[in-house]
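Results of the structural survey
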Amino acid sequence: MIKETVIIEGSVRGMKFSKPVLLQYNPSQENVEEAIIKFFDSHANSFEELAVQRGWRDSYWTFPQYYELVI
């Protein structure tokens, strides 16, 4: 099992949003996109279909950027 955070960004009714989602999934049974769909308890076939179901516009998912501080 992998625990991983993804960020979902988009807009709903003209308001932008950025939502961190903590996923837990088995990479031998599903990929990240399937884990996102499962997290939202949907039967969508793709992230794009999930976005339509939830009313998200211009939405996408990505991994958070971690910056290393170099001194």
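Relevant structure appears above.
A brief structural summary. As the structure is a computational prediction, the values presented were derived from the model and not from experiment. (Residues numbered from 1 in each chain as written. Predicted model: local features only at pLDDT ≥ 70, side-chain atom pairs only at ≥ 80, totals over all residues. Heavy atoms only, no water.)

To continue, consider the overall build of the protein chain. Assigned secondary structure in the protein chain consists of two helices and three strands. Based on the C-alpha atoms only, the size of the protein chain along its principal axes is roughly 45 × 35 × 15 Å. Taken across its 71 residues, the protein chain has 31% of its residues classed as buried. For the protein chain, contacts bridging at least 24 residues in sequence account for 37% of all contacts bridging at least 6. For the protein chain, the accessible area works out to roughly 5600 Å², and carbon and sulfur atoms hold 51% of it. With 7 positive and 10 negative side-chain charges, the protein chain shows a separation of 10 Å between the mean positions of the two kinds. (Helix = DSSP H or I, 4+ residues; strand = E, 2+ residues; numbered from the N terminus. Buried < 20%, exposed > 50% of the residue type's maximum accessible area, 1.4 Å probe, protein only. Contact = heavy atoms within 4.5 Å. Areas by Shrake-Rupley, 256 points an atom, 1.4 Å probe, with all protein chains shown as cover. Lys, Arg positive; Asp, Glu negative; His and termini not counted. Charge placed at Lys NZ, Arg CZ, Asp CG, Glu CD.)

Within the element layout of this structure, glutamate 30 appears in the loop between strand E2 (15–25) and helix H1 (32–39). Judged by relative accessible area, which is 14%, glutamate 30 ranks as buried. Beyond its immediate sequence surroundings of up to four residues, glutamate 30 is in contact with Gln24, Tyr25, Ala35 and Lys38.

Two elements in contact, H1 and helix H2 (residues 47–54), have axes separated by 10 Å at closest approach and are oriented at 25°. Judged by the inter-axis angle, H1 sits roughly parallel to H2. As for the relative orientation of H1 and H2, their crossing is left-handed in sense. In this structure, H1 contributes Glu33, Ile36 and Ile37 to the contact, and H2 contributes Phe47, Glu48 and Leu50. A breakdown of the residues in the contact of H1 with H2 according to their chemical character gives four nonpolar, no polar and two charged. (Axes fitted to C-alpha atoms, helices over the stretch in contact; angles between N-to-C directions. Parallel < 35°, antiparallel > 145°, perpendicular 65-115°, else oblique. Left-handed = near helix turned anticlockwise from the far one by under 90°. Nonpolar A, V, L, I, M, F, W, Y, C, P; charged D, E, K, R; others polar.)

This part covers the pairing of E2. Taken together, the eleven bridges between strand E1 (residues 2–12) and E2 define a ladder with antiparallel strand orientation. Paired with glutamate 9 across the bridge in E2 is serine 18. Counting the residues between successive antiparallel strands, the hairpin from E1 to E2 contains two residues, one of them, arginine 13, with a positive phi of roughly 50°. (Pairing = 2+ DSSP bridges.)

Bringing the nonpolar core into the picture now. Generally speaking, nonpolar side chains in soluble globular proteins are found buried as a group. Of all hydrophobic cores here, the largest spans 15 residues; its most connected members are Ile8, Leu23, Ile36, Phe40, Leu50 and Trp56. Mapped onto this core, the elements with two or more residues apiece are E1, E2, H1 and H2. Counting residues per element, this core draws most heavily on H1, at four residues. If we skip the residues at most four places from it in the chain, isoleucine 8 touches Phe17, Ser18, Lys19, Val21, Ile36, Phe40, Phe47, Trp56, Tyr60 and Trp61. (Core = buried A, V, L, I, M, F, W, Y, C linked by side-chain atoms within 4.5 Å.)

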